[in-house]
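Residues per chain, in single letters:
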Amino acid sequence: DQQVKQNSPSLSVQEGRISILNCDYTNSMFDYFLWYKKYPAEGPTFLISISSIKDKNEDGRFTVFLNKSAKHLSLHIVPSQPGDSAVYFCAARVGGTSYGKLTFGQGTILTVHP
Amino acid sequence: DTAVSQTPKYLVTQMGNDKSIKCEQNLGHDTMYWYKQDSKKFLKIMFSYNNKELIINETVPNRFSPKSPDKAHLNLHINSLELGDSAVYFCASSSRGGRYGYTFGSGTRLTVV
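What counts as what
Residues numbered from 1 in each chain as written. Chains lettered and ligands numbered in written order. Predicted model: local features only at pLDDT ≥ 70, side-chain atom pairs only at ≥ 80, totals over all residues. Heavy atoms only, no water. Disulfide = S-S within 2.5 Å. Helix = DSSP H or I, 4+ residues; strand = E, 2+ residues; numbered from the N terminus. Buried < 20%, exposed > 50% of the residue type's maximum accessible area, 1.4 Å probe, protein only. Contact = heavy atoms within 4.5 Å. Buried area = accessible area lost by both parts, 1.4 Å probe. Salt bridge = Lys/Arg side-chain N within 4 Å of Asp/Glu carboxyl O. Core = buried A, V, L, I, M, F, W, Y, C linked by side-chain atoms within 4.5 Å.

(A) Layout of the state of the cysteines. Taken as a whole, this structure holds two disulfides over all chains when the rule is applied. Between the sulfur of C23 of chain A and that of C90 of chain A lies a disulfide, 1.9 Å long from S to S. An S-S torsion of about 60° defines the bridge between C23 of chain A and C90 of chain A as right-handed. With C23 of chain A in strand β3 (residues 19–25) and C90 of chain A in strand β9 (residues 86–94), this residue pair connects regions lying 67 residues apart in the sequence. For the pair shown, C23 of chain A and C90 of chain A are each scored as buried. Two residues share a disulfide in this structure: C23 of chain B and C91 of chain B, whose sulfurs sit 1.8 Å from each other. Across the S-S bond linking C23 of chain B and C91 of chain B, the dihedral sits near -75°, which makes this disulfide left-handed. Of this pair, C23 of chain B sits in strand β3 (residues 19–25) while C91 of chain B is found in strand β9 (residues 87–94), placing the two residues 68 residues apart along the sequence.

(B) Spotlight on the interface of chain B and chain A. At the interface, 26 residues of chain B touch 22 residues of chain A. Interface area, chain B with chain A, both sides summed: about 1900 Å², of which 60% is carbon and sulfur. If you look at where chain B meets chain A, you find one salt bridge. K101 of chain A is the partner of E58 of chain B in a salt bridge, and the nearest nitrogen-oxygen pair spans 3.3 Å.

(C) Structural view of the nonpolar core. In this structure, F33, W35, L73, L75 and Y88 of chain A are the most contacted members of the largest nonpolar core, which totals 23 residues. Looking at this core, the elements that each hand over two or more residues are β3, β4 (30–38), β5 (45–51), β7 (62–67), β8 (72–77), β9 and β11 (108–113) of chain A. When residues of this core are assigned to their parent elements, the largest contribution, four residues, is made by β9 of chain A. Excluding anything up to four places from it in sequence, L73 of chain A contacts L21, N22, C23, Y25, F33, W35, V64, F65 and L66 of chain A. Formed by 20 residues, the second largest nonpolar core is a distinct cluster that contains W34, V60, L76 and I78 of chain B.

In structure tokens form, the structure reads like this:
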């Protein structure tokens, strides 16, 4: 049973436009959410996170929105750049003594065209 | 200077063999992990060690055995390799229970033939 799902395997966007990547989760105990970016032949790198006590977190061109009632989060990239082309994973964590265990979605391939 | 390094990057081996993947981090993190990226691209946790102590052991066959000689190293040994073990294995580390995200290694692509 996959507790974190990214239902769009891929997304194609024109340079300069907005990219919106979506993620849904089923476990209401998740209290912290993260986005990772992965280039081919590299490990995922941490991008941005949000605590469940917030509904928005912004870092430069990247904004993460959390809708707890819908169990949905999204990552907005504005403006999109060709260098943003990568696989994006969302991840979630249960609080307490989880020792940082993250549950990941299956990723969305973002392609930004010049 | 690589923060989380794992070796080898590629590993091709025959069924039934025993192999090891090594992981080292120089970030001073107290928690290390092994994740497996399966054919459906999900990253699934296998093991987690906190200060050399096994904390998380997901439903993983006994053929997989992690070893943490110190908090900077977490190795993965796999006995009697099977075709289904073919995957990309990622090592990662974190501090403070992972609240600030993991730092991943670049992955080891294991192919069992």
